[in-house]
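Residue strings, one per chain:
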Amino acid sequence: YGTSDDMYAQWGQIDLKNSATVAVTGEFAQDGNGSLRLASNGGTSTKGGAAYYPETAEGFGALKSITAASFEWLRATGSDATDGSPVMRLFLFNASNAHTATLIWQGGPNGAATTNDAWQTADVFGGTVSQTRGAGPLYNVEMTFAAAQLDPQLADLVVRAVEVGFGSGGWGPNFVGAVDNVKLTGGVSAVDANFELANFNVTIDAGANGTAVPGNGVENLMADETLAIALTPADGYEIDQVTGCDGALSGTTYTTGPAKADCTVTASFKAIALTVPPVAPVAPAEALPVPTLSQWSLALMGLLTAGIAALRLRRRN
């Protein structure tokens, strides 16, 4: 508290103690797909919340300038009977930028019924609060919000931040609750927060020679959700490669990793290579020997040729 590092103009976890958790989930969806889930998780004297600091040291403006403050809350089945409602805290800073006071709204002093699993609205601006930081005559004194705005010790203090959460006393180890639609309006700035699970787009591009289910286009996933894409090659084709969205291919199904950002899955298919059986080599024909004539055969052939020639000469004569 009391440093420029706090001025993020966004919500953030704060004061997580003794196993407490604070996170946006879809378990108790309210006015959308999510809410801010609060839980003790078995811890004792647990405490946790989420706080919003506007981007300047002027915060929401002076306490006397606040015109609206409210939030919706739920206590879940399984919580201890002594567990109250979630709370709202306003952090008040003086001119020296020091955190000098905290106003807290609690369900008990405001007669809030703690019916399990039922969303209720806390009208902080029209309710009773107490000052829970430091000492002095106002420490732990209950007063209406209107009275706090008129008190000279509090009226001009700057509402530097707003927190919704639970703890540290009065909540048991089994507490589970939720908060949504937190509103605070001041003379300098305002916040109206509906806590939702983030959504991300997965673009599917299966190209040609195959199909994908879901098909080519854009699928919307909630944070950390995964998507299974069934791929079917066309006849004569097979899956070549699939990439994107930190996914993995198993058989013909590509499953993306948990959604963290917009991403694209790209699939390609290739022709199945034809396998031609090898042809057995043909052995060359065996060469036949060319017959040759012996010397006697040659001599006999010569005499025969000479006799034929002599006979022909006699006939001519």
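Because the structure is a prediction, the values reported are computed rather than measured.

Engineer: Can you tell me about the overall build of the chain, naming the residues and giving the values?
Structural biologist: Looking only at helices and strands, the chain features 2 helices and 21 strands. Evaluated residue by residue, the chain yields a buried proportion of 37% over its 317 residues. Long-range pairs, those at least 24 residues apart, make up 67% of the contacts in the chain with a sequence separation of at least 6. Put simply, the chain shows about 17,300 Å² of open surface, and 55% of that area lies on carbon and sulfur atoms.

Engineer: If you had to explain the sheet that holds strand β10 (residues 142-144) to someone new, which residues and values would you point to?
Structural biologist: If you trace the 7 strands from one edge of the open sheet to the other, you get β1-β4-β11-β6-β7-β9-β10, paired in antiparallel fashion. The sheet is open, and its two edges are formed by β1 (11-17) and β10, each paired on a single side. On average, each strand axis in the sheet is tilted by 30 degrees relative to the strand beside it, whichever way the strands run. Looking at chain direction, strand β6 (residues 87-93) and strand β7 (residues 99-105) are connected through 6 bridges and run antiparallel. By the bridge assignment, F91 is partnered in β7 with T102.

Engineer: Tell me about the pairing of strand β13 (residues 190-193), residues and numbers included.
Structural biologist: Going residue by residue along β13, you find V191 and A193 tucked away on one face and A190 and D192 left uncovered on the opposite face. Of the strand pairs in this sheet, strand β12 (residues 176-185) and β13 are connected by 4 bridges, and their pairing is antiparallel. Of the residues in β13, the one forming a bridge with L184 is V191. Adjacent in sequence and paired antiparallel, β12 and β13 are bridged by 4 residues.

Engineer: Let's hear about the nonpolar core: which residues, and what values?
Structural biologist: Ranked by size, the top nonpolar core spans 41 residues in total, and within it L63, F71, M88, L90, L92, L154 and L184 carry the most contacts. Counting residues in each nonpolar core, the second largest holds 17 residues, with L221, I229, Y254 and A259 among its members.

Engineer: Describe the pattern of salt bridges, with residues and values.
Structural biologist: In this structure the tally under the stated criterion is 5 salt bridges. Here D15 makes a salt bridge to K47, at a shortest N to O gap of 3.7 Å. Within this pair, whereas D15 is found in strand β1, its partner K47 is found in strand β4 (residues 47-52), the two being separated by 32 residues in sequence. The partner of E27 in a salt bridge is R37, and the shortest N-O contact between them spans 2.6 Å. Placement of the pair is E27 in the loop between β2 (21-25) and β3 (35-39) and R37 in strand β3, with a sequence separation of 10 residues. By relative accessible area, which is 48% here, E27 ends up partly exposed.

Engineer: An account of the pairing of strand β17 (residues 228-233) is needed here, citing residue identities and associated values.
Structural biologist: Sheet analysis places strand β15 (residues 210-213) next to β17, joined by 4 bridges and oriented antiparallel. Residue pairing across strands places G210 opposite P233, the latter belonging to β17. With 3 bridges connecting them, β17 and strand β20 (residues 253-255) associate as antiparallel partners. Looking at the pairing, A230 lines up with T253 of β20.

Engineer: Tell me about the state of the cysteines, and name the residues and values.
Structural biologist: Two cysteines form a disulfide when their sulfur atoms are joined by a covalent bond. Within the structure shown, the criterion is met by 1 disulfide. One disulfide bridge connects C245 with C263, the sulfur atoms lying 2.1 Å from each other. Judged by the torsion about the S-S bond (110 degrees), the C245/C263 disulfide is right-handed. You can see C245 sitting in the loop between β18 (237-243) and β19 (248-250) and its partner C263 sitting in strand β21 (residues 263-271), a full 18 residues away along the chain.

Engineer: Pulling in residues and values, what's your account of empty space enclosed by the protein?
Structural biologist: Under the criterion given, the structure shown has 1 cavity of 30 Å³ or more. Computed from the structure, the largest cavity encloses a volume of approximately 30 Å³. I104, Q106, P109, T128, V129, S130 and E142 together form the lining of the largest cavity. Broken down by element, the residue count for the lining of the largest cavity peaks at 3 residues, all from strand β9 (residues 128-131). Residues that form the lining of the largest cavity fall into these classes: 3 nonpolar, 3 polar and 1 charged.

Engineer: Tell me about unusual backbone geometry, residues and numbers included.
Structural biologist: Cis geometry is adopted by the peptide bond preceding P214, which originates at V213 and carries an omega value of 0 degrees. Topologically, P214 is positioned in the loop between β15 and β16 (217-222). Located in the positive-phi region is D246, a residue other than glycine, with phi close to 55 degrees. Following the sequence through the fold, D246 ends up in the loop between β18 and β19.

Engineer: Pulling in residues and values, what's your account of the side chain of R89?
Structural biologist: Structurally, R89 is set in strand β6. Separated by 2.5 Å, the side chain of R89 and the backbone oxygen of G167 make a polar contact.

Parameters at a glance
Residues take numbers from 1 onward in each chain, read along the sequence in its written order. Reporting in this predicted model follows two pLDDT cut-offs: at least 70 for local features of residues, and 80 or more for side-chain atom pairs to be given and counted; totals over whole chains, interfaces and linings ignore these cut-offs and use all residues. With hydrogens and water set aside, each side-chain value is computed from the structure's full complement of heavy atoms. Counting from the N terminus, the helices are DSSP H or I runs at least four residues long and the strands are E runs at least two residues long. Burial classes follow relative accessibility: with a 1.4 Å probe on protein chains only, a residue under 20% of its type's maximum area counts as buried, one over 50% as exposed, and anything between as partly exposed. The contact definition used throughout considers only heavy atoms, calling two residues in contact when any of these lie within 4.5 Å. Per-residue and other accessible areas follow the Shrake-Rupley method at a 1.4 Å probe size, with only the shown protein chains counted as cover for residues. Only when DSSP finds a minimum of two bridges between them are two strands counted as paired. Axis definition: a line fitted to C-alpha atoms, limited for helices to the stretch in contact. Angles are taken between N-to-C directions and run from 0 to 180 degrees. In this description, a nonpolar core means a group of buried Ala, Val, Leu, Ile, Met, Phe, Trp, Tyr and Cys residues linked to one another through side-chain atoms lying within 4.5 Å. Here a salt bridge means any side-chain nitrogen of Lys or Arg lying within 4 Å of a carboxyl oxygen belonging to Asp or Glu. Sulfur atoms of two cysteines make up a disulfide when they are within 2.5 Å. The method works on a 1 Å grid over the protein atoms by themselves. A cavity is a set of points holding a 1.4 Å probe that cannot get out, a pocket is an open set with protein on both sides within 12 Å along at least five of seven lines, and residues with an atom within 4 Å of a point line them. Grid points are joined across faces, edges and corners, and a volume is the space filled by probe spheres set on the points. Just so you know the grouping, Ala, Val, Leu, Ile, Met, Phe, Trp, Tyr, Cys and Pro go in nonpolar, Asp, Glu, Lys and Arg go in charged, and all remaining residues, Gly too, go in polar. Residues adjacent in sequence count toward polar contacts only when both atoms are side-chain atoms; beyond that, a polar contact is any pair of N or O atoms within 3.5 Å, and within protein one must be able to donate a hydrogen and the other to accept it.

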